[in-house]
Amino acid sequence: MAGGNPLGCGPRPLGGWYLAIGLYCAPFGDHPATYLRVVEVSGIKGARLVLLVSGEGTNLQALIDACRDADFGAQVVAVGADRGPANGLARAERAGLPCFTVRLADYPGREEWDAALTRACAGFAPDLVVLAGFMKLVGKSFLDTFGGRCVNTHPALLPSFPGTHGVRDALAHGVKVTGCTVLLVDDGVDAGPIVAQASVPVADDDDEVTLHERIKVAERALLVSTVGRMVREGWSVQGRKVRIGS
Ligand code: GRF
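Residues numbered from 1 in each chain as written. Predicted model: local features only at pLDDT ≥ 70, side-chain atom pairs only at ≥ 80, totals over all residues. Heavy atoms only, no water.

Caption draft 1: Geometry of helix 1 (residues 58-67). Of all 10 residues making up helix 1, nine are buried, and the element is well covered by its neighbours. For helix 1, every residue scored as buried is listed here: Thr 58, Asn 59, Leu 60, Gln 61, Ala 62, Leu 63, Ile 64, Ala 66 and Cys 67. Each element contacted by the buried residues of helix 1 is listed here: strand 4 (47-53), strand 5 (74-81), helix 2 (87-94), strand 7 (128-131) and helix 6 (208-233). (Buried < 20%, exposed > 50% of the residue type's maximum accessible area, 1.4 Å probe, protein only. Helix = DSSP H or I, 4+ residues; strand = E, 2+ residues; numbered from the N terminus. Contact = heavy atoms within 4.5 Å.)

Spelled out as structure tokens, the structure:
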């Protein structure tokens, strides 16, 4: 955001405790929107993260592990899934984290499911929601509550190859370089403002599995470093451009 930090919070001192305050959300558009600022407050451990997962949960695990370090600036307050049993949820349970499951099949339609997912997440008062391998599109209720403070990770260099088969589609297209993207979630399919990207080479003998595994190594590192920077430095959005820090 032009003009620096609007809430006047300075750099984090070493070894402190943090509280995320001063959330201001505005729809994406022409006006800059400024999000989290983290300040030192005794006894509260950093920004509150709710993580959503559908499958294996290696990205989720990377975030859980990163949050064990108080200097990371965030704590995982809950993990939610859209299906059970998800390996990701088992990882969260092993870490002693509160878990919830909101299955589409248990609701009359997507709208009701989305409202229930929103309520479940909101119950943990997150500062940031991270879709860490969450394979459902969120809807209006969710975006009304968490728009601008929900990030997703995608295994391709957006805007190329959005959707469920990003790795397969990149391979089929014959690209020599692909990668991963951390983006803010909006009402499109992998269409929100891009927060960070990393590139990954495609080998001649790659198949979808080998390429996806190589991407996921980069993806976990990118997700952890990006979420960490966001919670420690805050972020702003102007049009499609996301900027971390002031
Ligand atoms: C990741 O590549 C994510 O981008 C995609 O599915 C994969 C999930 O991996 N949507 P994991 O469950 O975190 O291991």
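Moving on from the model shown.
Caption draft 2: Fine view of the site of the ligand. As a matter of local geometry, the ligand sits amid Glu 56, Gly 57, Thr 58, Asn 59, Gly 133, Met 135, Thr 153, His 154, Pro 155, His 212, Lys 216 and Glu 219. A distance of 2.7 Å is found between an oxygen atom of the ligand and a backbone nitrogen or oxygen belonging to Gly 57. A distance of 2.8 Å separates an oxygen atom of the ligand from a polar side-chain atom of Asn 59. Protein contacts shield 90% of the accessible area of the ligand, which totals 360 Å² for the unbound molecule. Listed by contribution, the elements that provide at least two residues to the shell around the ligand are helix 1, strand 8 (150-154) and helix 6. If you tally residues by element for the shell around the ligand, the top one is helix 6, at three residues. For the shell around the ligand, a count of residues per class yields two nonpolar, seven polar and three charged. (Near = heavy atom within 4 Å. Polar contact = N/O pair within 3.5 Å; in protein donor to acceptor, adjacent residues only side chain to side chain. Areas by Shrake-Rupley, 256 points an atom, 1.4 Å probe, with all protein chains shown as cover. Nonpolar A, V, L, I, M, F, W, Y, C, P; charged D, E, K, R; others polar.)

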